[in-house]
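Now for the letters of each chain:
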Amino acid sequence: MIQLANERHLDEILDIEKIVFTKPWSRKQLKSDLTLRTNAENWVYLEDQHFVGYIFVWKVSDEFHLNNIAVHTDYKGRHIGRLLIKHVSA
């Protein structure tokens, strides 16, 4: 299930960020993007109530700019990243 991300998801996003990236975004950077109201669209992917991935984009007119995307390593290969990209580009 894909749903809008918000500050309640910050800890889970940060956990995945630290697992997936060698240079993860900081808590401050993630929170800033989650609370940005203009042009930001941030989504999370939940599977069986488990938080498994997210995507952060900025929508400008009919384009989107990908800022960040990650899927927990336990869920790789399930095309979750592809589903998130399709969701924001639809």
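Scroll up a little and you will see the structure.
Residues numbered from 1 in each chain as written. Predicted model: local features only at pLDDT ≥ 70, side-chain atom pairs only at ≥ 80, totals over all residues. Heavy atoms only, no water.

Draft legend 1. Representation of a nonpolar patch on the surface within the structure. Taken together, the side chains of Leu36, Trp58 and Val60 make up a nonpolar region of the molecular surface, amounting to roughly 240 Å² of accessible area. With respect to the element layout, Trp58 can be found in strand 3 (residues 50–60). Residue classification places Trp58 among the partly exposed positions, given a relative accessible area of 37%. (Patch = residues over 30% accessible without salt bridge, like charges linked within 9 Å, V, L, I, M, F, W, Y side chains within 5 Å. Areas by Shrake-Rupley, 256 points an atom, 1.4 Å probe, with all protein chains shown as cover. Salt bridge = Lys/Arg side-chain N within 4 Å of Asp/Glu carboxyl O. Helix = DSSP H or I, 4+ residues; strand = E, 2+ residues; numbered from the N terminus. Buried < 20%, exposed > 50% of the residue type's maximum accessible area, 1.4 Å probe, protein only.)

Draft legend 2. Focus on the sheet that holds strand 1 (residues 2–4). A sheet is described by the order of its strands in space; here four strands give the open sequence 1-2-3-4, paired in antiparallel fashion. Of all the strands in the sheet, the pair left with one neighbour each is strand 1 and strand 4 (63–71). The sheet shows a mean angle of 25° between the axes of neighbouring strands, taken without regard to direction. Pairing of strand 3 with strand 4 involves eight bridges; the strand directions are antiparallel. Of the residues in strand 4, the one forming a bridge with Val57 is Leu66. Where helix 1 (residues 10–20) meets the sheet, its contacts fall on strand 2 (40–47), strand 3 and strand 4, and the angle it forms with strand 3 comes to roughly 95°. (Pairing = 2+ DSSP bridges. Axes fitted to C-alpha atoms, helices over the stretch in contact; angles between N-to-C directions. Contact = heavy atoms within 4.5 Å.)

Draft legend 3. View of the packing of aromatic side chains. What the rule picks out here adds up to two aromatic pairs. For the ring pair Tyr54 and Phe56, a centre distance of 5.6 Å and an interplane angle of 55° mean the geometry is tilted. In this structure Tyr54 comes out as buried when scored by relative accessible area, which is 0%. Judged by its relative accessible area of 0%, Phe56 falls in the buried class. Three or more aromatic residues link up through ring pairs in this structure, and these residues are Trp25, Tyr54 and Phe56. (Phe/Tyr/Trp six-rings, centres within 6.5 Å; stacked < 30°, edge-to-face > 60°.)

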